[in-house]
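Residue-level structural notes
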Amino acid sequence: MGNEPLPEKLRPKKIIEFVGQNELIGKDGIIKTLINNAKKTSFFPSLIFWGPPGSGKTTLARIIASELKRPFYEFSAVSTSIKEIEKIMQKGNLFPPIVVIDEIHRFNKAQQAKLLPFVERGDITLVGATTENPSFEVIAPLLSRTRVLTLKQHTEKELKKIITKALKYLKVEIEKDALTFLIESSNGDARVALTVLEIAHNLTTQNTLLTSHIEQALQRRQYTFDKKGEDYYNVISAFIKSMRASDVDAALYYLARMVEAGQDPLYIARRMVVFASEDIGMAQPTALVIANEVFRACETIGYPECQINLMHGVVYLALAKKDRSVYNAYMSALSDVHKYGNLPVLMKVRNPVTKLMKEVGYGEGYEKYTKESLLPEKLKDKKYYRKLE
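Computed from a predicted structure; not experimentally measured.

Reading guide: rules and limits
Residues numbered from 1 in each chain as written. Predicted model: local features only at pLDDT ≥ 70, side-chain atom pairs only at ≥ 80, totals over all residues. Heavy atoms only, no water. Helix = DSSP H or I, 4+ residues; strand = E, 2+ residues; numbered from the N terminus. Rg over C-alpha atoms; globule rule 2.2 N^0.38 Å. Buried < 20%, exposed > 50% of the residue type's maximum accessible area, 1.4 Å probe, protein only. Contact = heavy atoms within 4.5 Å. Polar contact = N/O pair within 3.5 Å; in protein donor to acceptor, adjacent residues only side chain to side chain. Salt bridge = Lys/Arg side-chain N within 4 Å of Asp/Glu carboxyl O. Patch = residues over 30% accessible without salt bridge, like charges linked within 9 Å, V, L, I, M, F, W, Y side chains within 5 Å. Areas by Shrake-Rupley, 256 points an atom, 1.4 Å probe, with all protein chains shown as cover. Pairing = 2+ DSSP bridges. Axes fitted to C-alpha atoms, helices over the stretch in contact; angles between N-to-C directions. Domains from an automatic or database assignment. Right-handed = clockwise from strand over helix to strand, strands pointing away.

1. Some thoughts on the overall build of the protein chain
Each helix and strand in the protein chain was counted, giving 19 helices and seven strands. Against the compact-globule benchmark of 21 Å for 389 residues, the protein chain has a radius of gyration of 27 Å, which places it well outside the compact range. Viewed in the frame of its principal axes, the protein chain has a C-alpha envelope of about 80 × 55 × 40 Å. Per-residue burial over the protein chain gives 43% buried out of 389 residues. Sequence-distant contacts in the protein chain: of pairs separated by 6 or more residues, those separated by 24 or more amount to 72%.

2. Points about the environment of Glu 120
Structurally, Glu 120 is set in helix α6 (residues 109-121). Between the C-alpha atoms of Glu 120 and Ser 46, which are 74 residues apart in sequence, the distance is 9.5 Å. Here Arg 145 takes part through its side chain, which lies 2.9 Å from a polar atom of the side chain of Glu 120.

3. Description of the pattern of salt bridges
Side chains carrying opposite charge are able to pair once their charged atoms draw close together. On inspection of all chains with the given rule, the structure shows 17 salt bridges. We note a salt bridge from Glu 8 to Arg 62, for which the minimum N-O separation is 2.8 Å. Of the two residues, Glu 8 is situated in helix α1 (residues 6-9) and Arg 62 in helix α4 (residues 57-68); the sequence distance between them amounts to 54 residues. On the basis of relative accessible area, Glu 8 is assigned to the partly exposed category, the value being 24%. Among the charged side chains, a salt-bridge network with shared partners connects Glu 8, Arg 11, Arg 62 and Glu 74.

4. Overview of helix α10 (residues 176-186)
Within α10, eight of the eleven residues are buried, which leaves it mostly tucked inside the rest of the structure. For α10, every residue scored as buried is listed here: Ala 178, Leu 179, Phe 181, Leu 182, Ile 183, Glu 184, Ser 185 and Ser 186. Tucked inside the fold, the buried residues of α10 contact α9 (156-170), β6 (173-174), α11 (190-202), β7 (208-209) and α12 (211-218). Positive backbone phi, at 55 degrees, marks Asn 187, one or two positions downstream of α10.

5. Brief notes about unusual backbone geometry
Residue Pro 304 is reached from Tyr 303 by a cis peptide bond, and omega for that bond is 0 degrees. Secondary-structure assignment places Pro 304 in the loop between α16 (286-301) and α17 (306-319). In the Ramachandran plot, Ser 42 falls in the positive-phi region, its phi being about 75 degrees despite a non-glycine side chain. Mapping Ser 42 onto the fold places it in the loop between α3 (30-41) and β1 (47-50). Taking relative accessible area as the criterion, Ser 42 reaches 35% and is therefore assigned partly exposed. With phi around 60 degrees, Ser 246 is a residue other than glycine that occupies positive phi space. Mapped onto the elements, Ser 246 comes out in the loop between α13 (230-244) and α14 (248-260). By relative accessible area, Ser 246 is classed as partly exposed at 35%.

6. Let's talk about a nonpolar patch on the surface
Taken together, the side chains of Val 345, Val 349, Tyr 366 and Leu 374 define a hydrophobic patch exposed on the protein surface, amounting to about 340 Å² of accessible area. Checked against the element boundaries, Leu 374 lands in the segment after α19 (355-359). For Leu 374, a relative accessible area of 40% puts it in the partly exposed group.

7. Considerations on the sheet that holds β1
Reading across the sheet, the five strands line up as β2-β3-β4-β1-β5 and stay open at both edges, with parallel pairing between neighbours. The outermost strands of the open sheet, each flanked by one partner alone, are β2 (72-76) and β5 (147-150). Here the average twist between neighbouring strands, direction ignored, is 20 degrees. Looking at chain direction, β1 and β5 are connected through four bridges and run parallel.

8. Overview of the domain arrangement of the protein chain
Under the domain assignment used here, the protein chain contains domain 1 (21-150), domain 2 (156-218), domain 3 (230-322) and domain 4 (341-379). Spacing between the C-alpha centres of domain 2 and domain 3 amounts to 30 Å.

9. A word on the pairing of strand β3 (residues 98-102)
With respect to burial, β3 is a largely interior element, four of its five residues being buried. Relative to β3, β2 is paired through five bridges, and the arrangement is parallel. By the bridge assignment for β3, Glu 74 is matched with Val 100. Here β3 pairs with strand β4 (residues 125-130) via five bridges, running parallel. Bridge pairing in β4 places Val 99 opposite Leu 126. Viewed along the sheet, the connection from β3 through α6 into β4 turns out right-handed.

10. Section: the side chain of Thr 204
Positionally, Thr 204 belongs in the loop between α11 and β7. Overall, the relative accessible area of 15% leaves Thr 204 in the buried class. Within the structure, the side chain of Thr 204 is placed 3.0 Å from the backbone nitrogen of Gln 206, a separation counted as a polar contact. When near neighbours in sequence (up to four residues on either side) are disregarded, Thr 204 contacts Leu 209 and His 213.

Okay, structure coming up:
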């Protein structure tokens, strides 16, 4: 036990000790409600916990097992076979054991399908944990037999509470600036915060941890910016505008600033996906494909490796031809929607789904390839999209 890392030593054992995810475990939270109901009826549904690393997915699963006094088994989809899970069925448990499968998205479709009978019969209570969107990574039959609960990144306030508890355990203090740096560098991940704190503590015999200790533990200098301050927004703005101006060097510089400051790579990648459609659009439609693949790569591998994917994507987007005509056209159409409200749809493009509709003129005069305007009468002469010359 003495060799356990700090995150494991401080892992909450009861709901009252858990920090964050109030929407799930608060007074009227679904997990708290399900636990209370299960104590009366013995039924607890299978769940999929979807959330970022260090948000408490495994911890909550263990707490549920503890609260219900159920057998608890924990597996990782990376290193577990279905046969190992099948062995649980032979143990003669009085109540369905809680089986936690971390990174359940790593199971292929066939492996996931083999879980179905156990879940369907209630032989196990499955709690799958994943950082990936279950809609894409978990097979539909398994999703239909589970309830997906979304966990969020820890807020700065929550991380501060977790770190404060750890400081008391370690019997050390931390400078205010060092605490701020640690919180911002942890990117909402409690496990990262506690791991870095433990390393920093072991790097010094001082009773007060300094920013330099946190930097050393992180193995990088302090480039962080205040996420509520002006510089934070200035750097993001400069990043987008540099790509828009096709200034590759400036775009790479501002990307490096954000990466070194610990900015969430998915946040950066999301902005790139938006940029691909908004600023490049029809000039180079493959830009959206590239931006989406960069996002996917960041989602799959994370830091530090995904900074390579980000730099690749940034250079591609910065060098691509720019065309905002689609974006401008849609914004113009949207403006008319707000201005004129629900204008009547032309009769000839209405769908005559009933005989009566057909009799009153729905669909009458419709031609597939007509060159006439199909806009509402009031807007028939409007031209929103103008192809870039």
